[in-house]
Amino acid sequence: MEERIVLDEGRFLADLEELGGIGAAPGEGRTRLALSDEDGEARRWLVRRMEELGLEIRVDGIGNLFGILPGEEGTEAPVTAGSHLDTVIRAGALDGAYGVLGALAVLRGVRESGTRLRRALAVAAFTNEEGVRFQPDMMGSLVLSGRLPLEEALAARDREGLRAGEELERLGFRGTDRVTPGAYLELHIEQGPRLEDAGARIGVVEGIQGIAWWGCTYRGQANHAGTTPMDRRRDAFAGVADLSRSLRELAARVPSSVATLGRVEVRPGAINVVPGRVDFTVDVRAEAPESFGRLKEEVPRLLREAAGRHALELEAEALADAPPVRFPREMTDLVDSCARGETDRVLRLASGAGHDAQFLHFLCPTAMIFVPSRGGLSHCPEEHTEAADLLRGVRVLARGLIALAQREA
Ligand SMILES: [Zn+2]
């Protein structure tokens, strides 16, 4: 039997606008770095919304915030939906906020419709998903999943030397509760162009790409740009330029992979000096485990080979290594059928960006729902999704949460 609820669409859109105003500056989008004053304000705002609905509020050791609506079987292992409240610098209003407020709208609809569900529902806001101020990113979901020790996360420092644990304490969000979701759905904007290109309205996310990062340095010899013959140079930037081409070839060779050389700092960085040192980063991603394995094997070799061709010394440190995740078939099929209840323009795809769902996956059955991003833009003030698409996504989420909450745990 299918339960029906009424979603207050006007209230959901008003909530998005109100939350989007926290940390906003004219023409600059909004900035709510994790555990900043603005993040604290957004958290307090969400707690008030949860209290209005009579949700049971829980905060865990890393500050993950939960609002639980008990089911007939109590509050254990709630069927959970959410995302994050923190943002990058000059962000749009949707990344993270959409998933949290979509979940809140569903819980409000269930409560106000007087629908009785077997299992508890929860809305969740995970701490520091973006990783701009404190690393690693997805910190809250990493700790919850047991893949990062709490003490290590609390000890993370920002550029000013402030510790995440102290900032949590200052904001009043260092809790002692423990919530273990029984299932997890994350509603998110796509942040890429694939839905728009395919004319699809809903994306069923089958998994999340694996991602590996390296921080590297090439050292050669800084020297006079006029007097040093080309065949006598140890030009560190020439090595990076060479590597850049190899990485593009690698991405072309390995099926559906991407490779990015995103940060390059050339020293001494003068017009008339052969670059003696370059610090740079490498980011590679792939969806299939075989492809991801090949990337991780080949990048170190390409780093060494380009160094060898230009007589450079190489230092390389692995900064991140998150394997590809494939959500359980049962969960993606559920999202697919919920999506098809709202539209027949459904696309199954993998996420190119990391999300909290990547780590919730290790705790409980997990899946994600995407809606289109205009122009594929995100992490910028131009980020936009039409209201009709946002509302459709919330309706798909509602169907999914209710179906899961009616199952036996
Ligand atoms: Zn996000």
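Residues numbered from 1 in each chain as written. Predicted model: local features only at pLDDT ≥ 70, side-chain atom pairs only at ≥ 80, totals over all residues. Heavy atoms only, no water.

## Some words on the packing of helix H3 (residues 97–113) against helix H12 (residues 387–405)
Now for step 1: Running from N to C, H3 and H12 cross one another at 60 degrees; their axes reach a closest spacing of 9 Å. One way to sum up the angle between H3 and H12 is to call them oblique. Remark: the crossing between H3 and H12 carries right-handed chirality. Touching Tyr-98, Gly-102, Ala-103, Ala-105, Val-106 and Val-110 of H3 are Asp-389, Leu-390, Gly-393, Val-394, Leu-397, Ala-398, Leu-401 and Ile-402, all from H12.
Now for step 2: Of the residues assigned to the contact of H3 with H12, the class counts are eleven nonpolar, two polar and one charged. (Axes fitted to C-alpha atoms, helices over the stretch in contact; angles between N-to-C directions. Helix = DSSP H or I, 4+ residues; strand = E, 2+ residues; numbered from the N terminus. Parallel < 35°, antiparallel > 145°, perpendicular 65-115°, else oblique. Left-handed = near helix turned anticlockwise from the far one by under 90°. Contact = heavy atoms within 4.5 Å. Nonpolar A, V, L, I, M, F, W, Y, C, P; charged D, E, K, R; others polar.)

## Things to note about a nonpolar patch on the surface
Now for step 1: The grouping of Phe-237, Val-264 and Val-266 at the surface amounts to a nonpolar patch, some 200 Å² of accessible area in total.
Now for step 2: Relative to the assigned elements, Val-266 resides in strand E10 (residues 264–267). (Patch = residues over 30% accessible without salt bridge, like charges linked within 9 Å, V, L, I, M, F, W, Y side chains within 5 Å. Areas by Shrake-Rupley, 256 points an atom, 1.4 Å probe, with all protein chains shown as cover. Salt bridge = Lys/Arg side-chain N within 4 Å of Asp/Glu carboxyl O.)

## Here we look at the UniProt feature "binding site: Zn(2+) 2" (unreviewed entry) in the protein
Now for step 1: Under the feature "binding site: Zn(2+) 2" (unreviewed entry), the UniProt entry names Asp-95, Glu-130 and His-379. Across 285 residues in sequence, these annotated residues keep their C-alpha atoms within 10.0 Å of one another, forming a single compact spot.
Now for step 2: Summarising the element assignment, Asp-95 is placed in the loop between strand E3 (79–84) and H3.
Now for step 3: Asp-95 gets classed as buried once you look at its relative accessible area, which sits at 7%.
Now for step 4: If near-sequence neighbours (up to four positions away) are discounted, Asp-95 is found in contact with His-84, Glu-130, His-188, Ile-189, Gln-191, Ser-378, His-379 and Glu-383.
Now for step 5: Tracing the sequence through the fold places His-379 in the loop between strand E16 (366–371) and H12.
Now for step 6: Take His-379: its relative accessible area is 40%, and that puts it in the partly exposed class. (UniProt positions renumbered as here; feature names shortened; annotations may be inferred. Buried < 20%, exposed > 50% of the residue type's maximum accessible area, 1.4 Å probe, protein only.)

## A short note on the pairing of strand E7 (residues 210–219)
Now for step 1: Across the ten residues that make up E7, a large majority, eight, are buried.
Now for step 2: In terms of strand pairing, E7 meets strand E12 (residues 277–286) through ten bridges, oriented antiparallel. Residue Trp-214 lies in a different strand from E12, and its bridge partner there is Val-282. (Pairing = 2+ DSSP bridges.)

## Re empty space enclosed by the protein
Now for step 1: Counted by the stated rule, this structure contains three cavities of 30 Å³ or more.
Now for step 2: Here the largest cavity is characterised by a volume of approximately 50 Å³.
Now for step 3: If you trace the largest cavity, you find it lined by Asp-39, Arg-43, Gly-63, Leu-65, Leu-85, Asp-86, Ala-125, Phe-126, Thr-127 and Asn-128.
Now for step 4: Going through the elements one at a time, helix H2 (37–52) and strand E4 (121–126) are the ones with two or more residues in the lining of the largest cavity.
Now for step 5: For the lining of the largest cavity, the class distribution of residues is four nonpolar, three polar and three charged. (1 Å grid on protein atoms, 1.4 Å probe; cavity = no way out; pocket = protein on both sides within 12 Å on 5 of 7 lines; lining within 4 Å. Points joined across faces, edges and corners; volume = space filled by probe spheres on them.)

## Quick notes on helix H9 (residues 289–309)
Now for step 1: Between its first and last C-alpha, H9 extends 31 Å over 21 residues, near the 30 Å set by a 1.5 Å rise per residue.
Now for step 2: Bending of H9 peaks at approximately 25 degrees at the position of Glu-298, with proline Pro-300 no more than four residues after it.
Now for step 3: On its buried face, H9 sits against E7, helix H8 (236–253), strand E9 (257–260), E12 and strand E13 (313–322).
Now for step 4: Ala-311 lies just past H9 and shows a positive phi near 55 degrees. (Expected span 1.5 Å × (residues − 1). Bend = angle between axes of the 7 residues up to and from the residue.)

## Points about the domain arrangement of the protein
Now for step 1: If you check the domain split of the protein, you get domain 1 (9–208 + 324–406) and domain 2 (214–322).
Now for step 2: Measuring from the centre of the C-alpha atoms in domain 1 to the corresponding centre in domain 2 gives 36 Å.
Now for step 3: Each partner contributes to the interface: domain 1 provides six residues, whereas domain 2 provides seven residues.
Now for step 4: Buried area between domain 1 and domain 2, both sides added, is near 470 Å², and the carbon and sulfur share of it is 55%.
Now for step 5: At the boundary of domain 1 and domain 2, one finds zero salt bridges.
Now for step 6: Our count for the domain 1 to domain 2 interface comes out at one residue pair in polar contact (both at pLDDT 80 or more).
Now for step 7: In terms of residue class, the side of domain 1 that touches domain 2 is made up of three nonpolar, two polar and one charged. (Domains from an automatic or database assignment. Buried area = accessible area lost by both parts, 1.4 Å probe. Polar contact = N/O pair within 3.5 Å; in protein donor to acceptor, adjacent residues only side chain to side chain.)

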